[in-house]
Amino acid sequence: MVIVDFATFCYAGDAHRLHEPGQLQLQVESNGYNFNRVIIVYQLCNPDDYEFPYCSYSINQVVIGDIDVILKSSGIDLNREQYQSPTDKHHTWRQHVVNHLMAVNVSRSDYIVFADNDCWMIKQPDSWVKRGIEILEQDPDVFIVSPNDGEPERKTQVISQQMFMARTDEFRQADFNQLGWDGDVTKLSEMPEYAGMMEGRIHFHCVASGKYRYVLPPEYRYFHHNRLNEDGTYKTNYSDYGL
């Protein structure tokens, strides 16, 4: 039997939305898959400060108290200089790497699904996770599989860390120290912070190892709910986005 864990993340700025009644259940159920358990990573915040998030799956709440300790224990070189925007204080590389490493280190599954807590599926003909398992079993060149982001189906080495799945052991053992990169962010077509974040590190791992991200076709569509209503809830009127 194939075992798949689901992992999502929160910090003090968005944990209250994840803990809204029904929100976690909605996010997990949108995948249409019977997960082994749900892993919630709390980055520098305390789950005891919130109501326990109801979910029909077993929940493992994991707290990150010291980001550098987790990064170092996961093999990340803390001494390598990384770009930090003087104005964009949101995309700091440590905070955008540690969550995935924490989750994969506590998982004992065959596969693991990672999803930011504002990302979930909005349409699919069947479970994208099931389709992802089939691709990962059939194609050793695929490192991660993502649901569709509004662009065509493709194999690419351009990465998004918003929502994807991977072979658990392979992801845990990967070297995410930006192999082959000379440190020049001006060579990147993405934002300069990309290189230091998890998505950039997956990119460099894929380039160095000849692996790819497989993006499923448009019928397997997820959505990044990065816009809020006036009351602070997620905007889910997808017709506003042409969907």
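**Student:** In this structure, what is going on with the pairing of strand S1 (residues 4–11)? I would like to understand it.
**Tutor:** Side-chain direction in a regular strand flips from residue to residue, so the side chains alternate between the two faces of the sheet. Within S1, seven of the eight residues are buried, which leaves it mostly tucked inside the rest of the structure. As defined by bridge partners, S1 adjoins strand S4 (residues 111–116) across six bridges and the pair is classed as parallel. Bridge pairing in S4 links Asp5 to Ile112. Bridge count for S1 against strand S2 (residues 37–43) is seven bridges, and the pairing is parallel. Paired with Thr8 across the bridge in S2 is Ile40.

**Student:** Looking at this structure, I do not really get the sheet that holds S2. What am I missing?
**Tutor:** Through backbone hydrogen bonds, the strands of a sheet pair up, either in parallel or in antiparallel fashion. Pairing is mixed across the open sheet formed by eight strands, whose spatial order is S3-S2-S1-S4-S8-S6-S9-S7. Lying at the two open borders of the sheet, with one neighbouring strand each, are strand S3 (59–64) and strand S7 (154–156). Each neighbouring strand pair of the sheet contributes to a mean axis angle of 25°, computed without reference to strand direction. Along the sheet, helix H5 (residues 128–138) contacts S1, S4, strand S6 (142–146), strand S8 (163–167) and strand S9 (212–215); its crossing angle with S8, the most-contacted strand, is approximately 40°.

**Student:** What is the right way to look at the environment of Asn31 in this model?
**Tutor:** The topology assignment puts Asn31 in the loop between helix H2 (23–29) and S2. Ignoring sequence-local partners within four residues, the contact set of Asn31 consists of Phe6, Met121, Gln124, Ser127, Trp128, Val129 and Met163. Separated by 3.0 Å, the side chain of Asn31 and the backbone oxygen of Gln27 make a polar contact.

**Student:** Can you help me understand unusual backbone geometry in this one?
**Tutor:** Unlike most non-glycine residues, Leu44 shows phi in positive territory, near 55°. Note that Leu44 resides in the loop between S2 and S3. In the Ramachandran plot, Gln178 falls in the positive-phi region, its phi being about 60° despite a non-glycine side chain. Relative to the helices and strands, Gln178 resides in the loop between helix H6 (168–173) and helix H7 (198–209).

**Student:** Where do I start with the pattern of salt bridges in this structure?
**Tutor:** Once the charged atoms of two side chains with opposite charge are near each other, the side chains can pair. Following the criterion strictly, the structure yields ten salt bridges and no others. Here Arg94 and Asp68 are joined by a salt bridge, their closest N and O atoms 2.7 Å apart. Remark: Asp68 occurs in helix H3 (residues 67–73) and Arg94 occurs in the loop between H3 and helix H4 (98–106); sequence separation between them is 26 residues. Overall, the relative accessible area of 31% leaves Asp68 in the partly exposed class. Between Lys211 and Glu170 there is a salt bridge whose closest N-O contact spans 3.4 Å. Of the two residues, Lys211 is situated in the loop between H7 and S9 and Glu170 in helix H6; the sequence distance between them amounts to 41 residues. By relative accessible area, Lys211 is classed as buried at 16%. Bridged by salt links that share partners, the residues Asp149, Arg154 and Arg213 form one connected network.

What counts and how
- Residues numbered from 1 in each chain as written.
- Predicted model: local features only at pLDDT ≥ 70, side-chain atom pairs only at ≥ 80, totals over all residues.
- Heavy atoms only, no water.
- Buried < 20%, exposed > 50% of the residue type's maximum accessible area, 1.4 Å probe, protein only.
- Helix = DSSP H or I, 4+ residues; strand = E, 2+ residues; numbered from the N terminus.
- Pairing = 2+ DSSP bridges.
- Axes fitted to C-alpha atoms, helices over the stretch in contact; angles between N-to-C directions.
- Contact = heavy atoms within 4.5 Å.
- Polar contact = N/O pair within 3.5 Å; in protein donor to acceptor, adjacent residues only side chain to side chain.
- Salt bridge = Lys/Arg side-chain N within 4 Å of Asp/Glu carboxyl O.

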